[in-house]
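# Structure assessment
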Amino acid sequence: MSDYRERAYELLEESLRFGDGEERIAVCESAVREADLCGDLQTQYIAREQCVRAYVFGGAPEKALVGFSWLLAQFDENPGEFSEWGILWKYKWMMGLICNFPQVPKARIYEMLDDLEARVLRGGYGLHAVYNHRYRIEKFWDNKEKAREYFQKMSELPVDDLSNCSACLRDEFVSFAIYFNMDERALELAQPLLDGEDKCGTVPHRTYAKLLLPMVRLGRQDEGLSFHRAGYRLIKNNRNFVDRVSQHMIFLTLTENLAHALVLFEKHYPWTEQNRDGFDLFHFFRASWLLFDMMAEPGQTALHLSLPGSLSQYSDDGHYTPNELADLFKQKADLLAKQFDLRNETDFFSRTLAETPALKDLCAPFPLGA
């Protein structure tokens, strides 16, 4: 037993040598297997805690949800054995993921929110973090009135030990401004993040990406190109940022850097075949549809791409037409939009898809260069 336990801890230490991504996930999964063989609950719990973190930040959210369910069950069955703050912090991570899976009922998501709130209050914490997630979820349904209400409530409460870091909170304010069509204000709020005054493991990675379309709308594409260069470097090797890669693809398409956008598509499409996050997939398929629809308009007839054989329209010789790829990804995005709208009881995803071609009105050539 002691050999298995020792090996589990060795592997957990080894995992810290890797950045967020597949390698860290693989080592953490090995640690969990060793911990289960040793049979010591504390070791099993610690190994799964680290594994869940690796899943969340390495792009395997469906595995994170399963691992967290095990942690929460053990926490409840063994009062006082494990960190209350630790389980509540990970519960926040799950609330940030759960909406992305349209197969999870809306009622179940609200039940989880209520459960989190009850646990937070029992633990003696304030509701700042809970209102943050209530805002995000109403925003996900596109319930603007409720989203504004909960954001205001969050803003009026003091931060505490369950609140996100200062960089993430500032990034949240940037998102709020963009959601309510205040692009200039979003850029002002983001400036300390862009200047490097405040940062964390996912900010300004997310911030750069979410500002790209506002920069196009503001007619500040040149600055947007610098955001693309700086931001894409931060996310290009981590599957956790599929949705952010999609924002970079859209920006490159709207600045008519189609060859560069195509490079991103070719590099990151394989990620989608190992991704179960419906939100990520919707946005990548939508960005791909826009790209190929743009490429089809000038009458380009053939592209040569290296794509996985599992692609439904796979070509042995690597030749594809923009039209057939545009149709394929439009269908994929449309299917997910219908699933989300059915669950969410809104038309937000279908409306977002229907409005996508109008983005082409913003097109203007701003060459990225080499």
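For every chain, the first residue of the written sequence is number 1, and numbering continues from 1 onward in sequence order. Side-chain atom pairs in this predicted model are given and counted only at pLDDT of 80 or more, local residue features only at pLDDT of at least 70, and totals for whole chains, interfaces and linings cover all residues. The basis for every side-chain value is the complete set of heavy atoms in the structure, and neither hydrogens nor water enter the calculation.

### Let's talk about the overall build of the chain
Note the following rule: A run of DSSP states H or I qualifies as a helix once it reaches four residues; a run of E qualifies as a strand once it reaches two. Both are numbered from the N-terminal end. Only protein chains enter the accessibility calculation, which uses a 1.4 Å probe; a residue whose area is less than 20% of its type maximum is buried, one above 50% is exposed, and one in between is partly exposed. Shrake-Rupley sampling with a 1.4 Å probe provides the accessible areas, and residues are treated as covered by the protein chains on show and by no other component. Charge assignment in this entry is limited to Lys and Arg as positive and Asp and Glu as negative, and neither His nor the chain termini are counted. Where a charge lies is defined by one atom per residue type, namely NZ (Lys), CZ (Arg), CG (Asp) and CD (Glu).
Of the regular secondary structure elements, the chain holds 17 helices and two strands. For the chain, the C-alpha atoms occupy an extent of roughly 65 × 50 × 40 Å along the three principal directions. Looking at the chain as a whole, 54% of its 370 residues are labelled buried. Of the roughly 16700 Å² of accessible surface on the chain, 50% is carried by carbon and sulfur atoms. Counting 42 positive and 57 negative side-chain charges, the chain places the averaged centre of each group 2 Å from the other.

### A closer look at the environment of Leu291
Counted only if it meets this: Only heavy atoms enter the contact rule, under which two residues are in contact if any of them lie within 4.5 Å.
Within the secondary structure layout, Leu291 lies in helix H15 (residues 278–296). A relative accessible area of 0% means that Leu291 is categorised as buried. In this structure, Leu291 is in contact with Met249, Thr253, Leu258, Ala261, Leu262 and Phe265, ignoring residues within four places of it in sequence.

### Some remarks on unusual backbone geometry
For residues other than glycine, phi is negative in most cases, and the peptide bonds are mostly trans. Residues Val203 and Pro204 are joined by a peptide bond in cis, for which omega reads 20°. Here Pro204 shows up in the loop between helix H10 (183–194) and helix H11 (205–217). Phi at Glu256 takes a positive value of approximately 60°, unusual for a residue other than glycine. You can see Glu256 is positioned in the loop between helix H13 (242–254) and helix H14 (258–272). In the Ramachandran plot, Glu345 falls in the positive-phi region, its phi being about 60° despite a non-glycine side chain. Mapping Glu345 onto the fold places it in the loop between helix H16 (322–344) and helix H17 (348–354).

### Some points on helix H3 (residues 41–58)
Quick note on the threshold: Working rule for helices: expected span equals 1.5 Å times residues minus one.
For H3, built from 18 residues, the straight-helix expectation of 26 Å at 1.5 Å per residue is met to within 8% by its first-to-last C-alpha distance of 25 Å. Of the residues one or two after H3, Gly59 is the one with positive phi, at around 90°.

### As for the packing of aromatic side chains
Keep this limit in mind: Two rings belonging to Phe, Tyr or Trp (six-membered ring only in the last case) form a pair when the distance between their centres is within 6.5 Å. Interplanar angles under 30 degrees mark stacking, angles over 60 mark edge-to-face geometry, and anything in between is tilted.
Counted by the stated rule, this structure contains 29 aromatic pairs. Measuring from centroid to centroid gives 6.0 Å for Phe140 and Trp141, while their planes differ by 85°, and the two rings are edge-to-face. For the pair Phe140 and Trp141, one class covers both residues: buried. Aromatic pair Phe282 and Phe349: ring centres 5.1 Å apart, planes at 70°, arrangement edge-to-face. Here the residue Phe282 occupies a position in helix H15, and Phe349 occupies one in helix H17, the gap between them amounting to 67 residues.

### Considerations on the packing of helix H5 (residues 84–97) against helix H6 (residues 106–122)
Put simply, the rule reads: Every axis in this analysis is a line fitted to C-alpha atoms, fitted for helices over the stretch in contact. Angles between the N-to-C directions lie between 0 and 180 degrees. Roughly parallel means an angle under 35 degrees; roughly antiparallel, over 145; roughly perpendicular, 65 to 115; everything else is oblique. Definitions for this section: a left-handed crossing has its near helix turned counterclockwise from the far helix by less than a right angle. A right-handed crossing has that turn clockwise. Residue classes follow a fixed rule: Ala, Val, Leu, Ile, Met, Phe, Trp, Tyr, Cys and Pro count as nonpolar, while Asp, Glu, Lys and Arg count as charged, and any other residue, Gly among them, counts as polar.
Running from N to C, H5 and H6 cross one another at 155°; their axes reach a closest spacing of 11 Å. Between H5 and H6, the interaxial angle falls into the category roughly antiparallel. The interaxial crossing formed by H5 with H6 has left-handed handedness. Facing Glu84, Leu88, Tyr91, Met94 and Met95 of H5, the residues of H6 in contact are Ile109, Met112, Leu113, Asp115, Leu116, Arg119 and Val120. Looking at the contact of H5 with H6 residue by residue, the class counts come to nine nonpolar, no polar and three charged.

### Looking at the nonpolar core
To keep things clear, this is the line we draw: Side-chain atoms within 4.5 Å are what join buried Ala, Val, Leu, Ile, Met, Phe, Trp, Tyr and Cys residues into a set we call a nonpolar core.
Counting residues in hydrophobic clusters, the biggest one holds 120 residues, and the most contacted among them are Met94, Phe265, Phe292 and Phe329. A per-element tally of this core places H15 first, with 11 residues. When sequence neighbours within four positions are dropped, the list of residues in contact with Phe265 reads Met249, Phe284, Ser288, Leu291, Phe292, Leu305, Leu307 and Phe329.

### Things to note about the environment of Ser15
Locating Ser15 in the fold gives a position in helix H1 (residues 2–15). With residues near it in sequence (within four places) discarded, Ser15 still touches Arg24, Val27, Cys28 and Gln50.

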